[in-house]
2 protein chains.
Amino acid sequence: MDKDKRISNAVIRRLPKYYRYLKELLRNEIYRTSSNELSNMTGFSASQIRQDLNNFGGFGQQGFGYDVFNLSNEIGKIIGADKDYKIMIVGAGNIGQAIANYTGFYENGYEVIAIFDNNPNLIGSTIKDIVIKDIADVEAYLSENFVNIAVICTPKSVSQAIADVLIKCGIKAIWNFAPSDIKGPEDVSIENVHLNESLFSLTYHYNKREREK
Amino acid sequence: MDKDKRISNAVIRRLPKYYRYLKELLRNEIYRTSSNELSNMTGFSASQIRQDLNNFGGFGQQGFGYDVFNLSNEIGKIIGADKDYKIMIVGAGNIGQAIANYTGFYENGYEVIAIFDNNPNLIGSTIKDIVIKDIADVEAYLSENFVNIAVICTPKSVSQAIADVLIKCGIKAIWNFAPSDIKGPEDVSIENVHLNESLFSLTYHYNKREREK
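Everything numeric here is computed off the predicted structure, so don't read it as measured data. Sequence order sets the numbering: in each chain, residues are counted from 1 along the sequence as written. Going through the entries in the order they are written, you letter the chains from A and number the ligands from 1. Where totals are concerned, whole chains, interfaces and linings use all residues; where local detail is concerned, this predicted model gives features only for residues with pLDDT of at least 70, and gives and counts side-chain atom pairs only at 80 or more. Excluded from the side-chain calculations are hydrogens and water; all other atoms, namely the structure's heavy atoms, are used.

### Comments concerning the domain arrangement of chain A
Basically, it comes down to this: Either an automatic procedure or a domain database provided the assignment from which the domain bounds are taken.
Annotation of chain A at the domain level lists domain 1 (2-78) and domain 2 (85-196). Computed from C-alpha coordinates alone, the two centres of domain 1 of chain A and domain 2 of chain A are separated by 31 Å.

As structure tokens, this is what we get:
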């Protein structure tokens, strides 16, 4: 998959959005689309879309447009949506619970197989039939169980230390909700989610419009 | 604030990250920084940072660097972090509850003042002393109460319809967690959060590394 290397991060960020809209078209039994139609749906320009999708080798054909099924399959493979993942959650607070309870993950092939916390009041209780384990036992757990993705939902004061332990135990993908960037070695994929940053983007535009009134 | 207009969306997306790191420096009583130091913290290149921050009129001085306090203040003003916001949440499921319970918002000047749902089992119960109201009463509520930001945490099947009602009632900023893009008129700021897209970005990089092994 050498062609991956030429794909910019900006394009990668747009792929899940294409994937989502293509799946929506399939659900509506629409099997052919155009860059103009995709533009209307996604808000990206048609030329941007053509350029992005060209990265994956000309799924668009003059006069025919895009084959929705093939295109969504190909993009799904690239972003890894065709695979199943075993997930562990560290931190069973608000966000951790919301993620553990989110049924959309199960539909998409993500299976939460373990939840850890350090709070004695939470350890032993269950979320969706999964017993919350003591974080002190995480190394022993990972020596016996394979996990693809660790979701970190702890306070930021401990998030990096916990990530370091998980990485030492062989975890190669971290989805971080603690409000502080987690860093790790080159061979570990880390996605830092910052909900505050999304909120600031909203308040930027909101205030800009208020000022312009 | 005419200069706002020249700032690209990509820059706007990076500002909250600068803001977060600058605040961290202030908490550690560090009042001067450089594009190199910011580069180490944020992962953006030093030249990118200089270019971004130049948009706001040369806060960096040759041989001195950036004044952390002034720079964070200016960025805070641009992204609207210097203001307080009244927030309503529609949908008191997993995500809605997590957001209502998230104390970080209160520290940053966001106040959740109302929560709505359509589930009779939830209506009347409380989250953080806020009584969950019937969504059927939302128009009456908004005719008497001012809300800056509506957070939509409903299933996607109803998210656009609810947004339409809120917009009709004068809401000008929507933070949407339903997994389907909400659309609205030009004068309404809408930020669609797609956690699945962030997860796909993670699985893309994870799978790419696995393939390259």
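So that's the structure; there's more coming.
### What about helix H1 (residues 9-27) of chain A?
Rules: Strands here mean DSSP runs of E at least two residues long; helices mean DSSP runs of H or I at least four residues long; both are numbered from the N terminus. Helices are assigned an expected span. That span is 1.5 Å times one less than the residue count.
Along its 19 residues, H1 of chain A runs 28 Å from first to last C-alpha, staying within 8% of the 27 Å computed at 1.5 Å per residue. Phi turns positive, to about 60°, at Glu29 of chain A, one or two residues after H1 of chain A.

### Some thoughts on the pattern of salt bridges
The cut-off we apply is this: Salt bridge, as used here, is a side-chain nitrogen of Lys or Arg placed within 4 Å of a carboxyl oxygen of Asp or Glu.
For the coordinates displayed, the defined rule picks out 20 salt bridges over all chains. We note a salt bridge from Asp52 of chain A to Arg14 of chain A, for which the minimum N-O separation is 2.6 Å. Placement of the pair is Asp52 of chain A in helix H3 (residues 46-54) and Arg14 of chain A in helix H1, with a sequence separation of 38 residues. Where Asp181 of chain A meets Arg20 of chain B, a salt bridge forms, and the shortest distance between an N and an O atom there is 3.4 Å. One end of the pair, Asp181 of chain A, is in the loop between strand E9 (173-176) and strand E10 (189-192); the other, Arg20 of chain B, is in helix H1 (residues 9-27), on a second chain.

### Details of unusual backbone geometry
Filter applied, for reference: Accessible area is worked out with a 1.4 Å probe on protein chains only. A residue is then buried under 20% of its type maximum, exposed over 50%, and partly exposed in between.
Here Lys128 of chain B, not a glycine, exhibits a phi torsion of approximately 50°, which is positive. Residue classification places Lys128 of chain B among the partly exposed residues on the basis of a relative accessible area of 38%.

### Structural notes on the nonpolar core
How we decide: What makes a nonpolar core is a set of buried Ala, Val, Leu, Ile, Met, Phe, Trp, Tyr and Cys residues whose side-chain atoms join them at distances within 4.5 Å. What makes two residues a contact is simply this: any of their non-hydrogen atoms within 4.5 Å.
One finds Trp175 of chain A together with Ile149 and Trp175 of chain B to be the most contacted residues of the largest nonpolar core, which totals 98 residues. Not counting residues up to four positions away in its chain, the partners in contact with Trp175 of chain B are Leu195, Ser198, Leu199 and Leu202 of chain A together with Phe105, Ile149, Ala150, Val151, Ile152, Glu191 and Val193 of chain B.

### Here's the deal with the sheet that holds strand E8 (residues 149-152) of chain A
The condition is simple: DSSP-based pairing: two strands are paired if at least 2 bridges between them are found. Angles run from 0 to 180 degrees between N-to-C directions of axes, and those axes are lines fitted to C-alpha atoms, restricted for helices to the stretch in contact.
Spatially, seven strands are ordered E6-E7-E5-E4-E8-E9-E10 (chain A) in an open sheet, and the strand pairing comes out mixed. The sheet is open, and its two borders are formed by strand E6 (126-127) and E10 of chain A, each paired with just one other strand. Here six bridges tie strand E4 (residues 85-90) of chain A to strand E5 (residues 110-117) of chain A, and the two strands are oriented parallel to one another. Residue pairing in the sheet places Ile89 of chain A in a bridge with Ile115 of chain A of E5 of chain A. Across the face of the sheet, helix H9 (residues 195-212) of chain B comes into contact with E4, E5, E8, E9 and E10 of chain A while running at roughly 165° to E10 of chain A.

### A closer look at the side chain of Asp117 of chain A
Residue and element names in this part refer to chain A. Our working definition: Note that His is not counted, nor are the chain ends; the positive residues are Lys and Arg, and the negative ones are Asp and Glu.
Relative to the elements of secondary structure, Asp117 occurs in strand E5. In this structure, Asp117 is buried with no salt-bridge partner, the nearest side chain bearing the opposite charge being Lys133 at 13 Å. Setting aside chain neighbours within four positions, we find Asp117 in contact with Gly91, Ala92, Gly93, Leu122, Ile123, Ile132, Lys133, Asp134 and Ile135.

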